[in-house]
Amino acid sequence: MASEQKLKLAVFGNPVAHSLSPRIHRLFAGQCGLDVDYRAIEANRESFPALVARLAAGGGRGCNITVPLKHEAWKLAARSSECATRARAANTLVFNDAEDWYADSTDGNGLVNHLETLPGCALAGSRLCLIGAGGAAASVLGALLEAGPDIVFIANRTRDRAAEVVDAHSGLGVMRIGTNQDLASCEPFDLIINATSLGHDGDAPALEPAWLKPDGLCYDMNYGGAADPLRRLCQEKGIRYSDGLGMLVGQAALSFTLWTGMTPDAQAVLEILRRDQP
Ligand code: ATR
């Protein structure tokens, strides 16, 4: 394919050098017979708008955005999806033309799509717990509620922050809030999702087997080294566990479809990545 036909993409964030996104999108492009130029570009809140504009002006099709720029990305777009608007954050921009940048947040549906590949993980009618109420939790709550659980209990260190995230999603389903300590007195859950940043500090939220139903699952939105503390805790306590590598690939697949209209094979790419980092 000639260089002018290359699909030009990037991920912006800080830090971003070790992002798996370039590899994932190169694998997707290979599956779909596309030639891709996907770069990892470090940016901060000040430099980000000009760097994105340069990518778009140079023929870029769009970009991914990671921490700490997701809110800035959402603000830059003329139009955005409902879930990006609810989260006031975007992980994907699509450059349609200079006047029409579209923002979406594919994290939530990426998570739901991965959960649906796991045995016994039906979300409809389930009792679900989300630990955390920051940007990571806000980016997935809408998609989780749309999957039809009976209830989502949002447990957060700071109760007011949980109340804010519930307000932003009112009308989408039944939600209750509490602190992490309240989990001990809840009925057991089918699924507990860790959306805290504790893993990046080598720590994990408290978790007991009794907080889950016997076949329940603890899903960590972290992957790689940040997933180690909760993985270890679950191993010690005999709790079924999944890290968030499948969510990462799932959100990437949805971004790729927004840019190209093509549906890559996320499961095949996840298997390749698992071979490298079990
Ligand atoms: P941001 O806070 O920038 O939106 P995030 O990773 O989405 O980033 O959110 C961090 C989450 O981890 C929050 O839910 C935070 O709890 P608070 O809202 O009370 O700050 C949670 N968290 C971080 N450190 C924690 C700790 N030491 N104990 C418990 N929860 C913690």
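Sequence order as written defines residue numbering, which begins from 1 separately in each chain. Reporting in this predicted model follows two pLDDT cut-offs: at least 70 for local features of residues, and 80 or more for side-chain atom pairs to be given and counted; totals over whole chains, interfaces and linings ignore these cut-offs and use all residues. With hydrogens and water excluded, all non-hydrogen atoms of the structure serve as input to the side-chain values.

1. Here we look at the overall build of the protein chain
What counts here: Elements are defined by DSSP. Helices are runs of H or I of four residues or more, strands are runs of E of two residues or more, and each kind is numbered from the N terminus. All radius of gyration figures rest on C-alpha atoms, and the globule criterion is 2.2 Å times the number of residues raised to 0.38. Relative accessibility under 20% of the residue-type maximum defines a buried residue, over 50% an exposed one, and the middle range a partly exposed one, all with a 1.4 Å probe and only protein chains included. In what follows, residue pairs with any heavy atoms lying within 4.5 Å of each other are defined as contacts. In this description, accessible areas are obtained by the Shrake-Rupley approach with a 1.4 Å probe, and a residue is regarded as covered only by the protein chains that are shown. The charged-residue count follows a simple rule in which Lys and Arg add positive charge and Asp and Glu add negative charge, with His and chain termini not counted at all. Just so you know, the charge point we use is NZ for Lys, CZ for Arg, CG for Asp and CD for Glu.
A count of helices and strands for the protein chain gives 10 helices and 12 strands. Taken against the 2.2 N^0.38 rule, which gives 19 Å for 278 residues, the C-alpha radius of gyration of the protein chain at 19 Å falls within 12% of a compact globule. Considering the protein chain as a whole, with its 278 residues, one finds that 51% of them fall into the buried category. When contacts within the protein chain are restricted to residue pairs at least 6 apart in sequence, long-range pairs at least 24 apart make up 68% of them. Surface summary for the protein chain: the accessible area is close to 12700 Å², and the carbon and sulfur share equals 49%. Distance between charge centres in the protein chain, computed from 25 positive and 32 negative side chains, equals 3 Å.

2. As for the side chain of Asn64
Quick note on the threshold: Any pair of nitrogen or oxygen atoms within 3.5 Å is treated as a polar contact; in protein, a donor-acceptor pairing is required on top of that, and neighbouring residues in sequence qualify only through side-chain atoms on both sides.
Along the chain, Asn64 turns up in strand 3 (residues 62-65). A distance of 3.3 Å separates a polar atom in the side chain of Asn64 from a polar atom in the side chain of His25. When neighbours within four sequence positions are excluded, Asn64 is seen to be in contact with Ala10, Val11, Phe12, His25, Tyr38, Asn91, Thr92, Gln251, Ser255 and Trp259.

3. A closer look at the environment of Val165
As for its placement among the helices and strands, Val165 is situated in helix 7 (residues 159-168). Accessibility expressed as a relative area gives 8% for Val165, which makes it buried. Distance in space between the C-alpha atoms of Val165 and Arg86 is 9.0 Å, their sequence separation being 79 residues. Every residue in contact with Val165, bar those within four places of it in the chain, is listed here: Ala133, Ala138, Leu141 and Ile154.

4. As for the packing of aromatic side chains
Using the following cut-off: Note on aromatic pairs: the rings of Phe, Tyr and Trp (six-membered ring only in Trp) are paired at centre separations within 6.5 Å, and the planes decide the class, stacked below 30 degrees, edge-to-face beyond 60, tilted for the rest.
The full count for this structure, using the stated rule, is 5 aromatic pairs. Ring geometry for Phe28 and Phe256: centres 5.5 Å apart, planes at 65 degrees, overall edge-to-face. Of this pair, Phe28 sits in helix 1 (residues 21-32) while Phe256 is found in helix 9 (residues 245-260), placing the two residues 228 residues apart along the sequence. Comparing Phe28 with Phe256, the two get one shared label, buried. Taking 6.2 Å as the distance between ring centres and 45 degrees as the angle between the ring planes, the aromatic pair formed by Phe153 and Phe189 counts as tilted. Of this pair, Phe153 sits in strand 8 (residues 151-155) while Phe189 sits in strand 10 (residues 189-194), and the two are 36 residues apart along the sequence. Of the residues examined, Phe153 reaches a relative accessible area of 9% and is grouped as buried.

5. A look at helix 7
The following threshold applies: Working definition: the arc comes from the directions between the helix axis and the C-beta atoms, pointing outward to the latter.
Every buried residue of helix 7 is listed here: Ala162, Val165 and Val166. Around the axis of helix 7, the buried residues are gathered within 100 degrees of arc, so they sit on the same side. Turned more than 90 degrees off the buried face of helix 7, the exposed positions are Asp160, Glu164 and Asp167. Buried-residue contacts for helix 7 involve helix 6 (135-146), strand 8 and strand 9 (175-178).

6. Things to note about the site of the ligand
Note the cut-off: Definition of nearness: a residue and a molecule or strand are near each other if at least one heavy atom of the residue lies within 4 Å of the molecule or strand. The classification used treats Ala, Val, Leu, Ile, Met, Phe, Trp, Tyr, Cys and Pro as nonpolar, Asp, Glu, Lys and Arg as charged, and all other residues, Gly among them, as polar.
With respect to spatial proximity, the complete set of residues near the ligand consists of Gly132, Ala133, Gly134, Gly135, Ala136, Asn156, Arg157, Thr158, Arg161, Thr196, Ser197 and Leu198. One of the backbone nitrogen or oxygen atoms of Ser197 is found 3.1 Å away from an oxygen atom of the ligand. Considered on its own, the ligand offers 630 Å² of accessible surface; in the complex 69% of this is hidden by protein. Here the residues of the shell around the ligand sort into 3 nonpolar, 7 polar and 2 charged.

7. Remarks on the sheet that holds strand 7 (residues 127-131)
Filter applied, for reference: Criterion used throughout: strands pair if DSSP finds at least two bridges between them. A fitted line through C-alpha atoms serves as each axis, taken over the contacting stretch for helices, and the angle formed by two N-to-C directions is quoted from 0 to 180°.
Taken in spatial order, the 6 strands make up an open sheet running 9-8-7-10-11-12, and their pairing is parallel. Because the sheet does not close on itself, it has two edges, and the strands there are strand 9 and strand 12 (241-242). Taken together, the 4 bridges between strand 8 and strand 9 define a ladder with parallel strand orientation. Across the sheet, residue Phe153 finds its bridge partner in strand 9, namely Arg176. Packing of helix 7 onto the sheet brings it into contact with strand 8 and strand 9, and relative to strand 9 it is tilted by some 165 degrees.

8. A closer look at the domain arrangement of the protein chain
Quick note on the threshold: Start and end points for every domain follow an automatic or database-based domain assignment. A quick way to say it: buried area is the sum, across both parts, of accessible area lost when two parts are put together, with a 1.4 Å probe. A pairing counts as a salt bridge when a side-chain nitrogen of Lys or Arg comes within 4 Å of a carboxyl oxygen of Asp or Glu.
Assigned domains of the protein chain: these are domain 1 (6-105 + 247-276) and domain 2 (108-243). A straight line from the C-alpha centre of domain 1 to that of domain 2 covers 25 Å. At the interface, 12 residues of domain 1 touch 18 residues of domain 2. Between domain 1 and domain 2, a total of about 1200 Å² is buried, with carbon and sulfur atoms accounting for 58% of that surface. Counting across the domain 1 and domain 2 interface gives 2 salt bridges. Here Glu146 and Arg86 are joined by a salt bridge, their closest N and O atoms 3.4 Å apart. One can count 3 residue pairs in polar contact (both at pLDDT 80 or more) joining domain 1 with domain 2. Counting residues per element, the ones that place at least two in the side of domain 1 that touches domain 2 are helix 4 (82-87), helix 9 and helix 10 (266-276). If you tally residues by element for the side of domain 1 that touches domain 2, the top one is helix 9, at 5 residues. Among the residues making up the side of domain 1 that touches domain 2, the classes are represented as 6 nonpolar, 4 polar and 2 charged.

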